[in-house]
Amino acid sequence: TFLDPSVEELGIFTILLEYLSDPSHVVRRKSMAALGELLFYVATQQTADPEEPDTVESENNSEARLTVNSRWKASLAVTNRVMDVILSGDDEIVVHYAVKMVENIAAQAPDSALRWFSSPDLIPFLQRGVRDSGWKEFRLTCFAALAHMTRLRAQRGADFKSEEVTSSMLCVHIGLTDLAPKATSAALQIFGTLLQHPRSSDAMAAVDTDLFDAVFRIFDHRRASPVVRGKALLVFTLIFRLDIRWLNVALDMKYAQAVDRLSQQKDKYVNQCVTVVVAAVADFVPAILHQLYDEAGRLITGVSVPPPGAAAGDFAIGGSCYEAGIMAIQAGLQIPMHLLSCTPLREAVVTDAALRLVAALLDLSEKPPFEAQGPLQLGVLLVIESLCAQTALILEHADSMIAFILPALLALHRSESGDTRFVVLKCFIDTLGVFLNDDHTYTPGHTASPTSQALVALVCEQALPIMPHVLADTDPFPQYAVKLVSVIVARDCVGGADSRVMHELRKLQLLPQLLEVLQRRAGVSVHGLRLLHGLLLTHDLSLGQLVKHGMVQQMCAGLQEEVQQARSVADSGEDPALQDMDHALVDALLSLLEEALVEVHTLASGDGQRQVPPEQRLQVMAEAAPLADAFSPLFGLLRATATLLSLLDRATLCALLFVQVFGAPEVMDAIPSLRGRLVLEAGHLNELFHVLDTSVMVEDGGQEEATASTLQERALRILHWAICSDPPKIFPAVSEMFRAVKQGVNTFLEKSAEVRGHSPQVVTLAEAIIATVGR
């Protein structure tokens, strides 16, 4: 709707003002309704004219003109009369129309609203209307008008009296409870405005548990409007900035999880609100940590600022002020720990400044009056544990982690508390493993980055020197030393065995202690196996030492245990794919077995430039004979790993290496301990045929097809060795077994021909097996 400014020349304002004094309430109502509509159009259709400034001669002069531009003009007598009607307590409907006009104009034309409705009596009237009226619609209209006028006045820098703020906060409470949900948005708007005003302390004085709970229910109400929930989130943020103690209350109410859920809303306004909160968290978390550090320092020195109402002499270690300080530290440390569990907020928590302060707090955690496993240390270690679980974040802040957090953890490795030593070693070694295995953080060599150089310096100068002490500690601490060294060796045996880290490791001569720890352990571990594998690769450990210290026996026992577990699943009728196999452990077992067999083959065959004398070759084979205990369990793994081609590939390679290393008749005849151990039984044949069946089912194309062809060739080579040996390495060597081999190979050829055909090597091996069985 558009009204031409010439309408004002008809005297319409004068007529409507006269009707506002009509004895009939019906006429007064219609007149106020029409006047409200007219003033709304005047306010929203006007545009400021910089060439013709507004003039107000006198608020008491009914002839004064309020000029908005050169065309639209409204007499101040009109707006003054509207205010008189509102404040006079005329017919409630007439007043309702007048207040509605204030609401609408304040929402759409703020400049006009501030000019026309600037009476100091308007805000108290609206507050009374919210509190005291028995007509709900009128209360809601008063509430909306109060919200708009409060916001506009605050934007123009108006000074709010303490009584006004207190009364408005009472209205906020009513809006969030009695008048919810219709008044919720307006209540949050008033609340947020007052919290940003210089009189925010008066607003905070009105915040109690009931009001806080009401805001939280709105914020966490999943069916509420996203806009309303976003406003509630901003109100919470303002409360926390003014009094951080309320954040602890919110965290106990699952605030972090609620923010996480809200951030998943695909709403632009909500996303903007979350962004604001993230910025606020990044600002106040370091401030909180700094306050905690200052408080911890005061407690250590015995000098503290007493709380209000307490005399300075009341402070004493163990006294009431001391206990209050400890409680404040505990509560403060809960904040970053909980916020780290929130996806959108954790990046704001983890900053370089925050990491420096967390490390500084950890440094103070065992200085008197603080003690190991005391409130300060427990709180800081919980924060660090939560932090170390965030791999992406610690990689992003690797420099600060290496400079502050990791050294602070190492400093406590001699703590009197075993629990403290356990946590600091776990966090240190887990985090160091993340850094060492990241190609961007750790780049060994002459072109190492500054971060990599700092990491190497930390490992060589601080971490490795304490390893003898850790290895000599009680279980389980030596296992963490094994884990650390295994990560170092596994990383550096690829990047170069002559790195600075490996040089320092050799200088410490840790191998005897490491082997002793592995001997003492019941069973095998992934990190222990990876350590042995890496030391074999770098030639820091020999196969003879593996055998001497019982490592080969442990490896074979580990393979047998995994096979038994897989068979128990099969015997129970469960899906083999669901078996609870430790794939990382199996991979580590097979890697170590493969490297051991390769070393035996290398020692027995020479380096290609020299021949190994037969006597020396047989001696190498005899020393490595305990590896034969892994032959039978290895075949048991073939079916268990069938769904994982990478493991199946490694398992078949190990089986073929057994045949190549120990399968020669002269070797088996010369070494009595090998006789009868490297033979294929009925179960072994079934596992080999299962490998062939699995390879046929692999999809065409890519690396998997090439792996399938390799698996076929290996399985057939093992069968060919068993059939063609003299005597055959099949037990029992009866006609039924040979017929089963012939039938299995023929079945494989038929299935494979239907799917993709055969490679020439596979066909040659298969035909040789069939021909030998026929003879």
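On a predicted model such as this, the values are computed, not experimentally measured, just so you know. (Residues numbered from 1 in each chain as written. Predicted model: local features only at pLDDT ≥ 70, side-chain atom pairs only at ≥ 80, totals over all residues. Heavy atoms only, no water.)

Remarks on the overall build of the protein chain
- For the protein chain, the helix and strand inventory stands at 39 helices and two strands.
- Scored against the burial criterion, the 775 residues of the protein chain give a buried share of 51%.
- Nonlocal contacts in the protein chain, meaning residues at least 24 apart in sequence, comprise 72% of its contacts between residues at least 6 apart.
- If you sum the accessible surface of the protein chain, you get close to 35,500 Å²; carbon and sulfur atoms cover 52% of it. (Helix = DSSP H or I, 4+ residues; strand = E, 2+ residues; numbered from the N terminus. Buried < 20%, exposed > 50% of the residue type's maximum accessible area, 1.4 Å probe, protein only. Contact = heavy atoms within 4.5 Å. Areas by Shrake-Rupley, 256 points an atom, 1.4 Å probe, with all protein chains shown as cover.)

Regarding a negative patch on the surface
- A cluster of like negative charges, contributed by Glu347, Asp352, Glu396 and Asp399, occupies part of the molecular surface.
- Among the secondary structure elements, aspartate 399 is positioned in helix 21 (residues 398-410).
- You can call aspartate 399 partly exposed: its relative accessible area is 49%. (Patch = residues over 30% accessible without salt bridge, like charges linked within 9 Å, V, L, I, M, F, W, Y side chains within 5 Å. Salt bridge = Lys/Arg side-chain N within 4 Å of Asp/Glu carboxyl O. Lys, Arg positive; Asp, Glu negative; His and termini not counted. Charge placed at Lys NZ, Arg CZ, Asp CG, Glu CD.)

As for the nonpolar core
- Counting 266 residues, the largest nonpolar core has Tyr255 and Leu627 as its most contacted members.
- Ranked by residue count, the leading element in this core is helix 15 (residues 268-301), at 13 residues.
- Residues in contact with tyrosine 255, not counting those within four places in the same chain, are Phe216, Phe219, Leu233, Phe236, Phe240, Leu247, Ala250, Val277, Leu339 and Leu345. (Core = buried A, V, L, I, M, F, W, Y, C linked by side-chain atoms within 4.5 Å.)

Some thoughts on the packing of aromatic side chains
- Counting across every chain of the model gives 18 aromatic pairs.
- For the ring pair phenylalanine 219 and tyrosine 255, a centre distance of 5.8 Å and an interplane angle of 35° mean the geometry is tilted. Of this pair, phenylalanine 219 sits in helix 11 (residues 209-219) while tyrosine 255 sits in helix 14 (residues 255-263), and the two are 36 residues apart along the sequence. The pair phenylalanine 219 / tyrosine 255 is uniform in exposure class, with both members buried.
- The interplanar angle of 10° and the centroid separation of 5.7 Å between the aromatic rings of phenylalanine 236 and phenylalanine 240 together place this pair among those described as stacked. (Phe/Tyr/Trp six-rings, centres within 6.5 Å; stacked < 30°, edge-to-face > 60°.)

Remarks on the packing of helix 22 (residues 418-436) against helix 23 (residues 450-463)
- At a minimum axis separation of 11 Å, helix 22 and helix 23 run at an interaxial angle of 145°. For the pair helix 22 and helix 23, the crossing hand works out as left-handed. Along its contact with helix 22, which presents Phe428, Leu432, Phe435 and Leu436, the element helix 23 presents Leu455, Leu458, Val459 and Ala463. (Axes fitted to C-alpha atoms, helices over the stretch in contact; angles between N-to-C directions. Left-handed = near helix turned anticlockwise from the far one by under 90°.)

Side note on the side chain of serine 695
- Within the secondary structure layout, serine 695 lies in helix 36 (residues 682-697).
- Taking relative accessible area as the criterion, serine 695 reaches 0% and is therefore assigned buried.
- Among the polar contacts listed, one links the side chain of serine 695 to the side chain of glutamine 712, at a separation of 3.2 Å. (Polar contact = N/O pair within 3.5 Å; in protein donor to acceptor, adjacent residues only side chain to side chain.)

Structural notes on the side chain of threonine 538
- Here threonine 538 shows up in the loop between helix 28 (526-537) and helix 29 (543-548).
- A polar contact is formed between the side chain of threonine 538 and the backbone oxygen of leucine 535, at a distance of 3.3 Å.

Considerations on unusual backbone geometry
- In this chain, proline 368 is followed by proline 369 through a cis amide linkage whose omega measures 10°.
- Along the chain, proline 369 falls in the loop between helix 18 (352-364) and helix 19 (375-388).
- For the bond running from aspartate 475 to proline 476, omega is 10°, close enough to zero to count as cis.
- Here proline 476 lies in the loop between helix 24 (467-471) and helix 25 (477-495).
- Positive phi, normally seen in glycine, also occurs at glutamine 373, with a value near 65°.
- Classification of glutamine 373 by relative accessible area gives partly exposed; the value is 26%.
- With a phi close to 65°, histidine 539 is a non-glycine residue in the positive phi region.
- Its location among the elements puts histidine 539 in the loop between helix 28 and helix 29.

Concerning the pattern of salt bridges
- Counted by the stated rule, this structure contains 24 salt bridges.
- When the shortest N-O distance is used, the salt bridge between arginine 520 and glutamate 516 registers 3.8 Å. With a gap of four residues between them, arginine 520 and glutamate 516 both fall in helix 27 (residues 511-520), about one helical turn apart.
- Judged by relative accessible area, which is 42%, arginine 520 ranks as partly exposed.

Details of the confidence of the model for the protein chain
- Summing up the model confidence of the protein chain, the mean pLDDT is 86 and the portion of residues at 70 or higher is 88%.
- Note on residues 47-70: pLDDT under 50 across the span, and 36 contacts to partners over four residues away in sequence or across chains.
- Counting contacts from residues 304-319, a segment whose pLDDT is below 50, to residues more than four positions away or on other chains yields 20 contacts. (pLDDT = per-residue confidence, 0-100.)

Regarding the environment of valine 285
- Checked against the element boundaries, valine 285 lands in helix 15.
- Taking relative accessible area as the criterion, valine 285 reaches 1% and is therefore assigned buried.
- If we skip the residues at most four places from it in the chain, valine 285 touches Leu339 and Val349.

A word on the environment of serine 21
- With respect to the element layout, serine 21 can be found in the loop between helix 1 (12-19) and helix 2 (25-45).
- Separated by 10 residues in the primary sequence, serine 21 and serine 31 have C-alpha atoms spaced 9.6 Å apart.
- At a separation of 3.3 Å, a polar atom in the side chain of serine 21 contacts the side chain of arginine 81.

What to know about the environment of leucine 680
- Structurally, the position occupied by leucine 680 is in the loop between helix 35 (665-670) and helix 36.
- Separated by 53 residues in the primary sequence, leucine 680 and alanine 733 place their C-alpha atoms 9.7 Å from one another.
- Among residues more than four places away in sequence, those in contact with leucine 680 are Phe631, Phe635, Leu685, Leu688, Ile718, Leu719, Ala722, Lys729, Ile730, Phe731 and Met737.

Observations regarding the packing of helix 2 against helix 3 (residues 76-88)
- At a minimum axis distance of 12 Å, the contact between helix 2 and helix 3 shows a crossing angle of 135°. Judged by the inter-axis angle, helix 2 sits oblique to helix 3. In the crossing of helix 2 with helix 3, the sense of the turn from one axis to the other is left-handed. For the pair helix 2 and helix 3, contact is made by Met32, Leu35 and Leu39 and by Val78, Val82 and Val85, respectively.
- Split by residue class, the contact of helix 2 with helix 3 holds six nonpolar, no polar and no charged. (Parallel < 35°, antiparallel > 145°, perpendicular 65-115°, else oblique. Nonpolar A, V, L, I, M, F, W, Y, C, P; charged D, E, K, R; others polar.)

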